[in-house]
Amino acid sequence: MSKRRCLYVLTLFLAATTPSWAASMKEDSSSGRAGNWRKGVQGSPDLKVCAKKAEKEPQNAEAQSDYGWALRQNGDLTEAEKYLRKAEALDSSLAYVHSNLSVVLLDQNKGEEALAQAKKAVEADGKQPIYHVVFGNALFATDNIKQAIGEYDAAVKLRPDYENGYYNLGRALKKDGQVTEAKAALSEALKLDPNDERVLKLLDELLK
């Protein structure tokens, strides 16, 4: 780590304070669909358990979706898309199905399709910050940077301790040439996780 970045990170660390309300906020990760607010990862339901439930309940959209997500987390994108498409056909009102399908499509470089699914997720439930980040990621991948910034900004406003939201906001602002604003967003991310290498790498690039 460069001396300049060390000083920058140390300043942020000393200035960082985490309010008690943020520390007490916990996500419901029991289904494997919930977002990890600090790291931006989603859990994976047990693959075998999900496979059995999906087979036993072929008309259950949630079961098909959970199996699709478990497949994605185990690297099988083709099958993941298949089951998430089935879940969408069974119940198109489920926002998380559209969100998970968007992630899988983006993994396969199907940007426009991912964008359409992410938009549906936000339209179905705009109060979930992770859906805004997924939409932002699809917008970013399709070079709609300013719109992506808006989605990431919406995410951190909904969830002020969303470290991954600040990281994505920072990278989008950097891409848009808004250096000062990018540094500010990344600074917020570091307050929540001083060891996030993605954030530190971006800051290195901005501080050169």
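Residues numbered from 1 in each chain as written. Predicted model: local features only at pLDDT ≥ 70, side-chain atom pairs only at ≥ 80, totals over all residues. Heavy atoms only, no water.

**A short note on the overall build of the chain**
Helix and strand counts for the chain come out as twelve helices and zero strands. Going residue by residue from the N terminus, the α and β elements of the chain occur as α-α-α-α-α-α-α-α-α-α-α-α. Across the 208 residues of the chain, 46% fall into the buried class. Total accessible area computed for the chain in this model is approximately 10,700 Å², and 50% of it derives from carbon and sulfur atoms. (Helix = DSSP H or I, 4+ residues; strand = E, 2+ residues; numbered from the N terminus. Buried < 20%, exposed > 50% of the residue type's maximum accessible area, 1.4 Å probe, protein only. Areas by Shrake-Rupley, 256 points an atom, 1.4 Å probe, with all protein chains shown as cover.)

**Details of the nonpolar core**
Grouped together as the largest cluster of nonpolar side chains are 55 residues, with contacts concentrated most on Tyr131, Tyr152, Leu169, Leu186 and Val199. The leading source of residues in this core is helix H8 (residues 129-141), at eight residues. Tyrosine 152 has contacts with Val133, Gly136, Asn137, Phe140, Gly165, Asn168, Leu169, Arg171 and Ala172, leaving out every residue within four places of it along the chain. (Core = buried A, V, L, I, M, F, W, Y, C linked by side-chain atoms within 4.5 Å. Contact = heavy atoms within 4.5 Å.)

**Overview of the pattern of salt bridges**
A side chain of one charge can pair with a side chain of the opposite charge when the charged atoms of the two come close. Tallied over the full model, the rule gives 13 salt bridges. With its nearest N and O atoms 2.9 Å apart, the salt bridge here joins glutamate 81 to lysine 110. In this pair, glutamate 81 is assigned in helix H5 (residues 77-90) and lysine 110 in the loop between helix H6 (95-107) and helix H7 (111-124), connecting sequence segments 29 residues apart. Residue class for glutamate 81 comes out buried when judged on its relative accessible area of 12%. The partner of lysine 191 in a salt bridge is glutamate 188, with the nearest N and O atoms 3.1 Å apart. Note that lysine 191 and glutamate 188 are positioned in helix H11 (residues 179-192) at a spacing of three residues, about one turn of the helix. Residue lysine 191 is classed as partly exposed on the basis of its relative accessible area of 31%. Using a relative accessible area of 29% as the deciding quantity, one classes glutamate 188 as partly exposed. (Salt bridge = Lys/Arg side-chain N within 4 Å of Asp/Glu carboxyl O.)

**Section: the packing of aromatic side chains**
Under the definition given, this model contains one aromatic pair. When the ring of tyrosine 67 is compared with that of tyrosine 83, the centres are 4.7 Å apart and the planes differ by 70 degrees; the resulting orientation is edge-to-face. In this pair, tyrosine 67 sits in helix H4 (residues 61-73) while tyrosine 83 sits in helix H5, placing the two residues 16 residues apart along the sequence. Considered together, tyrosine 67 and tyrosine 83 belong to a single accessibility category, that of buried residues. One cation-aromatic arrangement involves arginine 171 over phenylalanine 140; the distance from NZ or CZ to the ring centre is 4.0 Å. If you follow arginine 198 out to its NZ or CZ, it ends over the ring of tyrosine 167, 3.9 Å from the centre. (Phe/Tyr/Trp six-rings, centres within 6.5 Å; stacked < 30°, edge-to-face > 60°. Lys NZ or Arg CZ within 6 Å of the ring centre and 35° of its normal.)

**Regarding H11**
Its 14 residues give H11 an end-to-end C-alpha distance of 20 Å, which sits within 8% of 20 Å, the value for a rise of 1.5 Å per residue. Here H11 has its buried residues at Ala182, Ala185, Leu186, Ser187, Ala189, Leu190 and Leu192. (Expected span 1.5 Å × (residues − 1).)

**Describing the packing of H8 against helix H9 (residues 145-158)**
Relative to each other, H8 and H9 sit at 165 degrees, their axes nearing to 8 Å. Judged by the angle between their axes, H8 and H9 are roughly antiparallel. Seen along the crossing, H8 lies across H9 with a hand that is left-handed. Seen from H8, the contacting residues are Pro129, His132, Val133, Phe135, Gly136, Asn137, Leu139 and Phe140; seen from H9, they are Ile145, Gln147, Ala148, Glu151, Tyr152, Ala154, Ala155 and Leu158. For the contact of H8 with H9, the class distribution of residues is eleven nonpolar, four polar and one charged. (Axes fitted to C-alpha atoms, helices over the stretch in contact; angles between N-to-C directions. Parallel < 35°, antiparallel > 145°, perpendicular 65-115°, else oblique. Left-handed = near helix turned anticlockwise from the far one by under 90°. Nonpolar A, V, L, I, M, F, W, Y, C, P; charged D, E, K, R; others polar.)

**A closer look at the confidence of the model for the chain**
On average, residues of the chain score 84 in pLDDT, and 79% of them are at 70 or above. Across residues 3-41, confidence stays below pLDDT 50; counting only partners more than four residues off in sequence or on other chains, it has 69 contacts. (pLDDT = per-residue confidence, 0-100.)

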